[in-house]
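Secondary and tertiary structure notes
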Amino acid sequence: MKRKTVTKRQRMTSSDEGLFEIERFKKCSKTFVIKNTLDFIDYMLFFNDVRDKLILKLKQSCLQSSIKFNLHVDSVYERIITQEVQDLAFKTSNTLACNSSDFNKLLNRMFDKLLSEQDQFLAKGSGWSLKTIDVLQLRINIVNPLRGGTYIDLPEFMKDKKAIINVKNNDDKCFKYSILSKFDNRSNKTYLNKKYFKMLEKKSGLDFKCIDFPTPISQMKKFERVNDVSINLYSLNDKDHIFPLYICDIEKKKHFDLFLFNNDETSHYCYIKNFSRFVRSQKTKNCSKLIICKRCFTTFGNNPCKSKLWGMKGLIEHQHNCRKNQLGRPIMFEEGDDEFIYFKNYKNTKRIPIVIYADFECILTPKKPDEYIQSCEKKKKHMLHICMKL
Ligand SMILES: [Zn+2]
């Protein structure tokens, strides 16, 4: 099936109000448009006006699967001197999202991208100015259904971590095998010996009848509740960075860290046998074992430190606040990123014993209230000073 391109005329001629679907390609891609019915001529006012509708649609689309989405805005620019008019479109690249994503933040980034594209166009100095903003298009592509199923070979950089057990199953039950891998004592843990796994299932006492195979993420909570266990689930984003997909409320005595790997067709669960090794290379080049927060990947050293949290005690104190935050991986700037200046010589830093922050205030009254209103001249006197003595 060949995909047809929706023209601007089609986007504009529909009489529907709000965010409406204009195109569907198979089951995996939908295109929605929203018109600038209030005739905003400021991009941010228009974007803020449609933001809630976009977030609602994105959240609905993420219920069963992860998605990639992009924005596309159609506008008309004119050259005042020559009265020339031209249609222009600015668009963003695809962004990966799942139901735990912060859509407000993702949209802000996309709006910034659209604005910077416009700025680049205007900076060329050809005398164009914005005449109308016509329509915003949201295209959503379903990446894959978030259900773990049959075996997928992991990429080399994931294998090199030596932190994951990936059972070579030929059915849809990889969730079950990855859970049972925690109890596997064999030397070759990737080989699927069904008799052996049946024995492990019996020995573990876990009930797998309460879930479907392939297993959707939405059934994690049910499995946890029925078996009195806890599960954390991690995946990779489009930059191959690990991010938390599902994190349990409280880690139980029987706890499982799982990895959900996706390719274009399917998803596959694996068992994370060593969490520190699994995440460490993403956080530091240091080879020593780190204590890591499983929600936000903040790391804690093992050596006592007066200026920051450290050790297991530090992690517990951190977790108390971390639980209040939305699930996610803090994105830090990267080396070579020109937008940031960064400090490398930590060896030259010194602890200082005391820091004082002081604020200085005073109250002003107008000398002659009537005159003050009429003129902008300075006609105030200081009435009261508040000083601080150190
Ligand atoms: Zn944390």
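What this report covers is the structure whose coordinates are included nearby.

Rules of the game
- Residues numbered from 1 in each chain as written.
- Predicted model: local features only at pLDDT ≥ 70, side-chain atom pairs only at ≥ 80, totals over all residues.
- Helix = DSSP H or I, 4+ residues; strand = E, 2+ residues; numbered from the N terminus.
- Buried ≥ 20, exposed ≤ 12 C-beta atoms within 10 Å, placed from the backbone.
- Contact = placed C-beta atoms within 7 Å.
- Pairing = 2+ DSSP bridges.
- Core = buried A, V, L, I, M, F, W, Y, C linked by C-beta atoms within 7 Å.
- Axes fitted to C-alpha atoms, helices over the stretch in contact; angles between N-to-C directions.
- Parallel < 35°, antiparallel > 145°, perpendicular 65-115°, else oblique.
- Left-handed = near helix turned anticlockwise from the far one by under 90°.
- Nonpolar A, V, L, I, M, F, W, Y, C, P; charged D, E, K, R; others polar.
- Expected span 1.5 Å × (residues − 1).
- Arc of directions from axis to C-beta.

**Here's the deal with the overall build of the chain**
- Helix and strand counts for the chain come out as 10 helices and 17 strands.
- Across the 390 residues of the chain, 23% fall into the buried class.
- Contacts in the chain between residues at least 24 apart in sequence constitute 57% of all its contacts with a sequence separation of at least 6.

**Digging into the pairing of strand 12 (residues 255-262)**
- Here strand 12 lies mainly inside the structure; 6 of its 8 residues are buried.
- One ladder, built from 5 bridges, connects strand 10 (residues 230-236) with strand 12; its direction is parallel. From the neighbouring strand, I231 faces strand 12, where its bridge partner is F256.
- Sheet topology note: the strand 12/strand 13 (residues 267-272) ladder contains 5 bridges and is antiparallel. Note on strand 13: the bridge partner recorded for L260 is Y269.

**Some details on the nonpolar core**
- Counting residues in each nonpolar core, the largest one holds 32 residues, and the members touching the most others are I164, L233, L258, F259, L260, C270 and I272.
- Breaking this core down by element, the ones donating at least two residues are helix 5 (174-180), helix 7 (220-227), strand 10, strand 11 (242-246), strand 12, strand 13 and helix 8 (275-283).
- Not counting chain neighbours up to four residues away, the residues in contact with L258 comprise S178, I231, L233, Y269, C270, Y271 and I272.

**Quick notes on the environment of T92**
- On the secondary structure map, T92 appears in the loop between strand 4 (84-91) and strand 5 (95-97).
- With 20 C-beta atoms packed within 10 Å, T92 lands in the buried category.
- Residues T92 and K113, 21 residues apart in the sequence, show an inter-C-alpha distance of 6.5 Å.
- The residues touching T92, leaving out its near neighbours within four places in the chain, are N70, L71, M110, K113 and L114.

**Some points on the packing of helix 2 (residues 43-61) against helix 3 (residues 103-123)**
- Between helix 2 and helix 3, whose axes approach to 10 Å, the crossing angle comes to 140°. Between helix 2 and helix 3, the angle is such that the two are oblique. Where helix 2 crosses over helix 3, the handedness of that crossing is right-handed. Counted together, Y43, F47, R51, L54, I55, L58 and K59 of helix 2 and F103, N104, L107, F111, L114, L115 and Q118 of helix 3 form the full contact between these two elements.
- When the residues that make up the contact of helix 2 with helix 3 are grouped by side-chain class, the tally is 10 nonpolar, 2 polar and 2 charged.

**Thoughts on helix 8**
- Listing the buried residues of helix 8 in full gives F278, V279 and R280.
- Where the residues of helix 8 are buried, they touch strand 8 (164-165), strand 11, strand 13 and strand 14 (291-292).

**Description of unusual backbone geometry**
- A cis amide bond links F213 with the next residue in sequence, P214, at an omega value of -5°.
- Tracing the backbone through its elements, the reader meets P214 in the loop between helix 6 (194-204) and strand 9 (215-216).
- Unlike most non-glycine residues, Q83 shows phi in positive territory, near 60°.
- Phi is positive for D228, close to 55°, though the residue is something other than glycine.
- The topology assignment puts D228 in the loop between helix 7 and strand 10.

**Describing the environment of L19**
- With respect to the helices and strands, the residue L19 is situated in the loop between helix 1 (8-13) and strand 1 (20-25).
- As for L19 and L54, which are separated by 35 residues in sequence, their C-alpha atoms are 7.7 Å apart.
- Ignoring any residue separated from it by four or fewer positions in sequence, one finds L19 in contact with F32, I34, K53, L54 and K57.

**Observations regarding the environment of K198**
- In this structure, K198 sits in helix 6.
- Classification of K198 by C-beta neighbours within 10 Å gives exposed; the count is 11.

**Considering helix 3**
- Over its 21 residues, helix 3 runs 30 Å from end to end, which matches the ideal 30 Å to within 8%, given 1.5 Å per residue.
- Within the sequence span of helix 3, burial applies to L107, M110 and L114. The arc enclosing the buried residues of helix 3, seen along the axis, measures out at 65°, which places them on a common side. Every exposed residue of helix 3 that faces more than 90 degrees away from the buried side is listed here: N104, K105, R109, S116, D119, Q120 and A123.
- G125 sits one or two positions beyond helix 3 and adopts a positive phi of about 75°.

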